[in-house]
Each structure stands twice: as C-alpha cells, then as structure tokens.
Amino acid sequence: MDPTKTEGTEYFHRVVDCQWACPAHTDVPEYIRLIAQGRFTDAYMLNRESNVFPGILGRVCDRPCEPACRRGRVEDKAVAICRLKRVAADNRDDIRDRLPQAPHVSNGKRIALVGAGCASLTVANDLIPLGYECVIFEALDTPGGLMRTNIPAFRLPASVLDEEIAYIVDMGVDLRLSHPIESMRALLEEDFDAVFVGSGAPKGKELRLPGRDDTDRIHIGIQWLESIAFGHVSSVGERVLIIGVGNTAMDCCRSSLRLGAKDVKVMARKPRAFFKASDWELEDAEEERVEIVVNHSPRAFLIEDGKLVGMKFDVVEYEFDDRGAIRDSRIVDEATFPCDDVVLAIGQENAFPWVERGIGIEFDKWDVPIVDETTYESTLKGVFFGGDAAFGPKNIIWAVEHGHQAAISIHKYCEGLSLTDRLPRGVNLTTAKMGIHEWSYSNDYDPAGRRIMPHVDLRKRFRKLNIEVELGFTADDAAAEVERCLNCDLQTVFAADLCIECDACIDICPVDCLTITHNGDADSIEANLRTARLNAEQALYVSGPLKHTSRVMVKDENLCVHCGLCAERCPTGAWDMQKSTVVIPYASDEASRDQQLCQITRKAG
C-alpha cells in the first residue's frame, strides 16, 4: 500500500468523527474543552462560527455528531455533545460586542430572502457583515420559521429563539413580518440582485382513508403544532392517536398530554428498528407514559353520528433478511382503537404554489425545485434554495450549513465570479507537547458513564405548555461529561524517519491499534493487524518504509483512543500528539480571497 497522504487532504478531519458527521463541521472537541475550563463565552462563540444558533441547537439538534462519537465504540453511550452546547449558551456572558458587525457603507447589493427560518437567517448572518442589504420576507408575524411553529416551547423556550434570532436581525436585517410572498415572478421584478428561498417544507402529508372528511377531529401534525404555538388550540380530547413515528410525532404526542389528553398512543406501521424518531425523543415520550404501538397500519377512521370514535388498523407481521431489512409482510389480524382526536404526523413535503412554472425554475417529478447540491442555485440564475425548501425535510443544522454555502454562492454570483470556484476546507496541525510527559489536554481515560440530564418532575411539567422539561447540566456535570471525550482532534502524528522499531509504542498501546508489518496489499496488511479490523469505513494509517527493515507502521484509526501513550513512550519522538484544527471557509473568507486576487490582478496589469 502507498503511504497514507495526510497533508493537503481531509484525512485528519475524518478522524474527528463527531466533527466530520456534523453537517456544519462544528469544532466539537475544542468547544467542549473550553466548557470544562469554564470559558463558556469562548465556547459559545467558537460554536456560533459554524452553527449560528448554539442555544437553540443545544436543545433541539438532531445530533448527527453523537452516533459518530468514538466514545460509543468504547461503551454504549456517546458524549452528550448536544447538551454540552447548551451549557455554553446558558452560562455565557453578553456576546454582542463579539458578534460580526455590518459595515458603515453598503456594497449596493440587495438580497431577498423568503422565510425567516434558520436557513435564511444564516445567509443574512454571513452576508450582512460584507455590506449586503438583506430583506427577509416572513408570512407569519414573528420570525423563526419551523423552529418556532413546530418545536414545542417545553423543548425550545421562546426566549432562547428570540435572543439568538435578534443577534442576526439586529445586525441590520430588513425584516418584513406578515409579508408572504405570493408570486416569485413579482419578486424577481423587484430591485434585488439575488433571491434565496428558505421557506421550509410547510405542508404536512395527508392520509386519505375512509372517514377522513367526515370529522374535524383529525389534524395534520405540523399545522396542529403551529396552532398550539400561536394559541389557536388549547385543548384536545382525552384519547389521542398519533399516526407516524418521526420526531414531529413525538412533539405531537407530548403536546397532547399538555393539552389535557389522558391516553396517548403513537401508532407505528413498522417495528421499532425502523422508527425515524431519535432514540432520545422516544425515551422522553415514553417517560411521559406515551404508549408506542408497533406493526399497526391504518385502515379507516371510525365515525358514528358525525363523531370520531376510533380507528381501525391492520396488524402486520414482517419477515426480515439476514441484514435486518424487511423481506416480506402480511396482514395477520385487525384491531380497533377508540379515540377522540387523531393527529397525522406521517411526514412533510415542500409546497411552492407561489413559484410560477415557466419562469426558468425547473421542478423534478416530485414537484420540488431542481437545486445544485454544491452551489444551492436553482435552474434560474440568481435564485437559490436552502434548508427544507431545497432538498426536503432534514433538520436545523443541515439548514444552517445550506445557509453558509448559499451565502458563498450569492456573494460570488453578485461579484460575477464562478460559483464552483470555492475555497477548500483545510486542516492545521500544532503540537500539544508541553513537556516530556505532559500534554496540553487531559489524556487520562475517564471510565465515567454519560451524565443523566435532570428533568422537571413529571407531576409539574404538564401544568403549562411552556415549562421547559430539560433543566440543563450543572457546571460540575458538564466538566465530568467533557472528561468522557476522547479528544479525537489530538492526532497521533508519525515520523517514519525517526522510528527505530523498538516496539515501545506497540507494547504500551492499551487498545492494540498499532502494528509494524511488511507492506503489501490491503488484505495482507489487514490479516497481520494485532487486532481484527472492526470498522472498514474508518481509515488505516500506513506509514512510509521504516529505515531499518523497510516495514511499515500501521494504525487502525477506529481503535485509537488518542491517549498519547505512544508519544510518551517513544524514545525518539517519532510519535507526536498534534491538535488538528479544521479550517472552514465562509462567505467572509471567500470575499477576502476574491479581494486579494483582484489586487494581484491589478498589480500584474
């Protein structure tokens, strides 16, 4: 095998699994170390560079980082990354003097943003400091989009939303509330240099079954949650069925309890392994005594004398293949469940009745705009999409990343530059050595289990709709949780020319992730590893030939716990622990690069 190339690549970025899995590539290990040091404001600001909404996402992020966390390979539970983010948000100082500022003079470019949700707000956050005038059109009378209308206040308090949205709006956003856009054609005729659509996926999916149109007690999940958020719905029947088992369904079932329901059931067509809801969402619902019924497929709504009295379901039995995928299914029985209300939470989809066909924006077979996955530009030049409006429902952190990338494209479009000529991500390495056996990070393995999030007592949390259930970690709990981090951004960097093949590193490695072996093809090297390879998706590091025997040092990145013992034991310094910092380019970086290129061009001319 060729020596692993680490310079000028994203090799070390991929090793930091949590950061690699985060759509916005937030520097997770660094910001949680800052929390452990009590530097909450610094942690918040580092977090905000990439995800823009640390207080919001510290409560409701879908946490793609946590399933990737290497701690989950050592034991069952990942580091509580999301909840640590909230600690920084809850304990920071005033940050307004550290936020980006709009320049005193505009650059003369005006950008229209449709929808005041997380994607549009991120675009404004990135473009206003560059001198752009950003006009956000919002149909509702308050900003926040689906963050405000679809996430209940018991999970995300309005005060947190208001504060973090205000940080962006107060930069100088022209926010036009109660101002729906009803015609893209008309918007394009206004004096804007580019348009960004971040209107979400505001249409809930229907379930057309017998009895659907014979009662007003069947609700569409996202619309029902919006009605609760704005006070239009304040009660529900005692028996409620939630159809669907995604995160929206979890919000609906828990909201039902707060509106007075006594018996709430979530009805799932498939077994639990196929649920779309996050594990923690399911756990929170079941803690509140919501019953989850599996393998029941809706057949009909039961109406008597114009009143909803129940639902009929087919009971389904599934067969699975060796990989756990469903191979076949059959109906084995039927069941009836009484109910007073039904909430349909079976998915969301895009809706663009206000975008006229024939103006240059092409739609696919699902009636969704065709959007470039790199530039976020539609087929009509100068019109960009992001968030759920671009590729369908995902989550907030994905919408934030879309906003960052769309902001780069909008800047380049307004400057007449190539949208695809973008700065690459980079990785900087700095040694963590402070002494012969001392590092600038805590490298002792802490066997402590994941901290348990304290919650409001069950007897108290249902008294009001806006009682936040999770109380947040204390500073001591946060510090203990941070110690569970394996510091994956502290890389084991190897210098083959310094190695004397003494095997000291191999002897001391607690997880046997190191092997010195003769080079060969991938299969032969894998066969010689000291520990069988458990994760083929995680890279093997292969060094250049060692000077004494021409063998190679091989490291299984999947097993390494970044303890630094190899570097402490090495007598020649062939191993070093080096902090890797991923450099993420934003619109401001692209603007600086473009300005420098213009200056160079002028000088050359």
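Scoring rules and cut-offs
Residues numbered from 1 in each chain as written. Predicted model: local features only at pLDDT ≥ 70, side-chain atom pairs only at ≥ 80, totals over all residues. Heavy atoms only, no water. Helix = DSSP H or I, 4+ residues; strand = E, 2+ residues; numbered from the N terminus. Rg over C-alpha atoms; globule rule 2.2 N^0.38 Å. Buried < 20%, exposed > 50% of the residue type's maximum accessible area, 1.4 Å probe, protein only. Contact = heavy atoms within 4.5 Å. Areas by Shrake-Rupley, 256 points an atom, 1.4 Å probe, with all protein chains shown as cover. Lys, Arg positive; Asp, Glu negative; His and termini not counted. Charge placed at Lys NZ, Arg CZ, Asp CG, Glu CD. Pairing = 2+ DSSP bridges. Axes fitted to C-alpha atoms, helices over the stretch in contact; angles between N-to-C directions. Parallel < 35°, antiparallel > 145°, perpendicular 65-115°, else oblique. Left-handed = near helix turned anticlockwise from the far one by under 90°. Nonpolar A, V, L, I, M, F, W, Y, C, P; charged D, E, K, R; others polar. Patch = residues over 30% accessible without salt bridge, like charges linked within 9 Å, V, L, I, M, F, W, Y side chains within 5 Å. Salt bridge = Lys/Arg side-chain N within 4 Å of Asp/Glu carboxyl O. Polar contact = N/O pair within 3.5 Å; in protein donor to acceptor, adjacent residues only side chain to side chain. Disulfide = S-S within 2.5 Å. Domains from an automatic or database assignment. Buried area = accessible area lost by both parts, 1.4 Å probe.

Moving on, we get to the overall build of the chain. Looking only at helices and strands, one finds 23 helices and 23 strands in the chain. Taken against the 2.2 N^0.38 rule, which gives 25 Å for 605 residues, the C-alpha radius of gyration of the chain at 27 Å falls within 12% of a compact globule. C-alpha atoms of the chain, sized along the principal axes, occupy 90 × 70 × 45 Å. Expressed as a percentage of the 605 residues in the chain, the buried residues total 54%. Restricting to contacts in the chain with at least 6 residues of sequence separation, those with at least 24 account for 72%. Accessible area of the chain: about 27200 Å², with a carbon and sulfur share of 48%. Charged side chains in the chain number 70 positive and 97 negative. The centres of these two groups are separated by 2 Å.

This part covers the sheet that holds strand β12 (residues 326-338). Within a sheet, adjacent strands bond to each other through the backbone by hydrogen bonds, running parallel or antiparallel. Taken in spatial order, the 3 strands make up an open sheet running β10-β11-β12, and their pairing is antiparallel. With partners counted over all chains shown, the strands left at the sheet margins are β10 (296-304) and β12, one partner each. Between one strand axis and the next, the sheet turns by 20 degrees as a mean value, whatever way the strands run. Taken together, the 11 bridges between strand β11 (residues 307-320) and β12 define a ladder with antiparallel strand orientation. Directly across from Val316, in β12, lies its bridge partner Ile331.

Across a regular strand the side chains alternate sides, sitting on one face of the sheet and then on the other. Counted residue by residue, strand β19 (residues 490-494) has 5 buried out of 5 residues, so it is predominantly covered. Neither face of β19 is left uncovered, since the one carrying Leu490, Thr492 and Phe494 and the one carrying Gln491 and Val493 both have all their residues buried. Pairing of β19 with strand β23 (residues 575-583), which is carried by 5 bridges, proceeds in the antiparallel orientation. Bridge assignment links Val493 to a residue of β23, and that residue is Asp576.

Where helix α9 (residues 118-127) meets helix α17 (residues 396-414), the axes come as close as 7 Å, and the angle between the chain directions of the two elements is 40 degrees. Taken together, the axis directions place α9 and α17 in an arrangement best described as oblique. For the pair α9 and α17, the crossing hand works out as right-handed. Contacts from Cys118, Ala119, Thr122, Val123, Asp126 and Leu127 of α9 reach α17 at Ile396, Ala399, Val400, Gly403, His404, Ala406, Ala407, Ile410 and His411. Per-class residue counts for the contact of α9 with α17 are 10 nonpolar, 4 polar and 1 charged.

With that settled, consider a positive patch on the surface. A cluster of basic residues, Lys205, Arg269, Lys270 and Lys276, forms a positive patch on the protein surface. For Lys270, the position within the fold is in the loop between β8 (263-267) and α15 (279-287). Since its relative accessible area comes to 32%, Lys270 is described here as partly exposed.

This part covers the side chain of Ser50. Tracing the sequence through the fold places Ser50 in helix α4 (residues 40-51). Of the residues examined, Ser50 reaches a relative accessible area of 3% and is grouped as buried. A distance of 2.8 Å separates the side chain of Ser50 from the side chain of Thr26, its partner in a polar contact. Sequence-distant contacts of Ser50, that is, excluding residues within four places in its chain, are made with Ala24, Thr26, Val400, His404 and Tyr586.

The next thing to look at is the pattern of salt bridges. If charged atoms from side chains of opposite charge come close, those side chains can pair. Summed over all chains, the structure comprises 54 salt bridges. Note that Arg299 is salt-bridged to Asp314, the shortest N-O span being 2.4 Å. One end of the pair, Arg299, is in strand β10; the other, Asp314, is in strand β11, and 15 residues separate them in sequence. Classification of Arg299 as partly exposed rests on a relative accessible area of 33%. The network of salt bridges with common partners includes Arg254, Arg258, Asp284, Glu287, Glu288 and Arg461.

Quick look at the environment of Glu286 now. As for its placement among the helices and strands, Glu286 is situated in helix α15. Relative accessible area serves as the criterion here: at 34%, Glu286 is assigned to the partly exposed category. Along the primary structure Glu286 and Ile397 are separated by 111 residues, whereas in three dimensions their C-alpha atoms are 26 Å apart. Contact partners of Glu286, with chain neighbours within four places excluded, come to Arg272 and Ile292.

As a further point, take the sheet that holds strand β21 (residues 540-542). Taking strand neighbours across the sheet as the criterion, the 3 strands line up as β20-β22-β21 in an open arrangement whose pairing is antiparallel. Lying at the two open borders of the sheet, with one neighbouring strand each, are β20 (514-517) and β21. Along the sheet, successive strands turn relative to each other by an average axial angle of 20 degrees, direction set aside. One ladder, built from 4 bridges, connects β20 with strand β22 (residues 552-556); its direction is antiparallel. Note on β22: the bridge partner recorded for Thr517 is Val552.

So, on to the state of the cysteines. As enumerated under the stated definition, the model contains 0 disulfides in all. In this structure Cys414 is a free cysteine whose sulfur lies 9.6 Å from that of Cys134, the closest cysteine sulfur available. The closest cysteine sulfur to the non-disulfide-bonded Cys566 is located on Cys563, 6.3 Å from its own sulfur. When its relative accessible area of 11% is taken as the criterion, Cys566 is described as buried.

Before going further, it helps to spend a moment on the domain arrangement of the chain. Accessible area lost upon the coming together of the parts serves often as the stated size of an interface. As assigned here, the chain comprises domain 1 (99-202 + 350-415) and domain 2 (205-347). Look at where the C-alpha atoms of domain 1 and domain 2 centre, and you get two points 32 Å apart. When domain 1 packs against domain 2, close to 930 Å² is buried across both sides, 57% of that on carbon and sulfur atoms. At the boundary of domain 1 and domain 2, one finds 2 salt bridges. A salt bridge links Asp251 to Arg155, with the shortest nitrogen-to-oxygen separation between them at 2.8 Å. Remark: the boundary between domain 1 and domain 2 carries 4 residue pairs in polar contact (both at pLDDT 80 or more). Of the residues in the side of domain 1 that touches domain 2, the class split is 6 nonpolar, 3 polar and 3 charged.

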